[in-house]
Structure formats: C-alpha cells, structure tokens
Amino acid sequence: IYNPWSIMNFLNQKGEFGPYWVATSSTALIENALILDSFQEEIQILIDGGTIDIIADPKMVFSDIRSESSSLYNLLLFSGYLTAEKSQRNEDATYNCRVKIPNNEVRGIFTSSIRTWLSKKFNIETREYSSFINYLLEGNFKQFEEKLKNYLALASSYFSTGSKQLEIFYNGFMIGLLS
C-alpha cells in the first residue's frame, strides 16, 4: 500500500525507518473489540503469526462492528490491519479469505492494544501486569498469589456468569491467564 505520510516522514528523517502512520489513528476500535470472546482467541492466533479464515463482505454495516466479529474483521482487512493471504470470491459477492497480520509494525499495534485493554480491564498499569506474569515465571508464587487475588476481586463478579456457571468462569479465567 502506498502511504504518502510514511514516505514523507521517512525522507524527512533522512531515511530512518519507523512506524510513522501508526500515530495517525486511534486503536480504540481494536481495544473495544477485545470484549468479544471470539476476537480475543483469534487475535492471539494472529499475533503468534498464524492465520484465520473470515468471510470478507465489501457491503458490511459499520454499526455491527461492536457486536459481530465478522464486521470487525472486514474493517481491519479493508483498512490494512490485516492482509489476505488467500481469497476466493463467492457467488454473493463476498470473499472467503485467509488473513494474517501483515508485518511487525501492525503486530505491535495489536499487542499494544491488548496491553491497554488489560490495563483498563484490571485497573492496573502495563508494568504491574508484566511483573505479575514474571512472578509466575520466576516461581515467586507468594507474590503471584497476592496479585491474583487482587485481580480476581477487580475483574470478576458473581453477576458476570450466573450461579450455575461460576466454576466454569474461574476455570476459564485461570486457563487464559496461564496460557
């Protein structure tokens, strides 16, 4: 994709490569999309360098972006945050696409958005969350346990799942945290 802004900044900085276009837009859309469970799982696949299959629809409705991951993926594809590795046109003018994150610059945007979302969700700074994970990786289980108790108190609620789903909710939380 030809991007005049990045080229002009590249020339202005005497040939220094940089993610110049990143600062020209907000990542709020990605951060808001992390509310969708399916998006959380699939974005991790993409960040890890994998691909996912989507149906791209040039006639998408923008109002569906917050409620349907397929509409969100369309916007991310059409705006350059995802790229089609393979595509096949369907009879209804949609496309079956295998998409991936196009480069490290965009991968960094997704990673940063996830950190920002986690920070807001758990009401902690990114640095604190990193130290929390490091406690686990280094075997400092006492401090990990204390931080985990605090995060569970902030992030989870009985009302999030209903009385019949409590154990499943906490199992899922722990599996996600440890993965």
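Here is what the cut-offs are and how they apply
- Residues numbered from 1 in each chain as written.
- Predicted model: local features only at pLDDT ≥ 70, side-chain atom pairs only at ≥ 80, totals over all residues.
- Heavy atoms only, no water.
- Pairing = 2+ DSSP bridges.
- Helix = DSSP H or I, 4+ residues; strand = E, 2+ residues; numbered from the N terminus.
- Axes fitted to C-alpha atoms, helices over the stretch in contact; angles between N-to-C directions.
- Salt bridge = Lys/Arg side-chain N within 4 Å of Asp/Glu carboxyl O.
- Buried < 20%, exposed > 50% of the residue type's maximum accessible area, 1.4 Å probe, protein only.

Colleague: Looking at this structure, I do not really get the pairing of strand 3 (residues 95-100). What am I missing?
Modeller: Successive side chains on a regular strand alternate, one facing one side of the sheet and the next facing the other. Relative to strand 3, strand 1 (residues 52-56) runs antiparallel, the two being bridged by five bridges. Within strand 3, the residue paired with D53 across the bridge is R98. In the sheet, strand 2 (residues 83-89) pairs with strand 3 via six bridges, with the strands oriented antiparallel. Bridge pairing links S87 to C97 in strand 3. In this structure, the hairpin formed by strand 2 and strand 3 is closed by a connection of five residues, where A93 is found at a positive phi of approximately 70°.

Colleague: Explain the sheet that holds strand 2 to me, please; I cannot follow it from the model alone.
Modeller: Sheet strands line up and pair through hydrogen bonds in the backbone, either parallel or antiparallel. What the three strands build is an open sheet, ordered 1-3-2; its pairing is antiparallel. Of all the strands in the sheet, the pair left with one neighbour each is strand 1 and strand 2. Strand-to-strand twist across the sheet, computed as the mean angle between neighbouring axes with direction ignored, equals 25°.

Colleague: Where do I start with the pattern of salt bridges in this structure?
Modeller: One pass over the structure, following the stated rule, counts four salt bridges. Of the charged contacts in the structure, one is a salt bridge between D53 and R98, with a shortest N-O distance of 2.9 Å. Taken as a pair, D53 in strand 1 and R98 in strand 3 lie far apart in primary sequence, 45 residues in all. For D53, a relative accessible area of 53% corresponds to the exposed category. Put simply, E85 and K100 hold a salt bridge, and the shortest N to O gap is 3.7 Å. Of the two residues, E85 sits in strand 2 while K100 sits in strand 3, which places them 15 residues apart along the sequence. The structure contains a network of salt bridges with shared partners spanning E145, E146 and K149.

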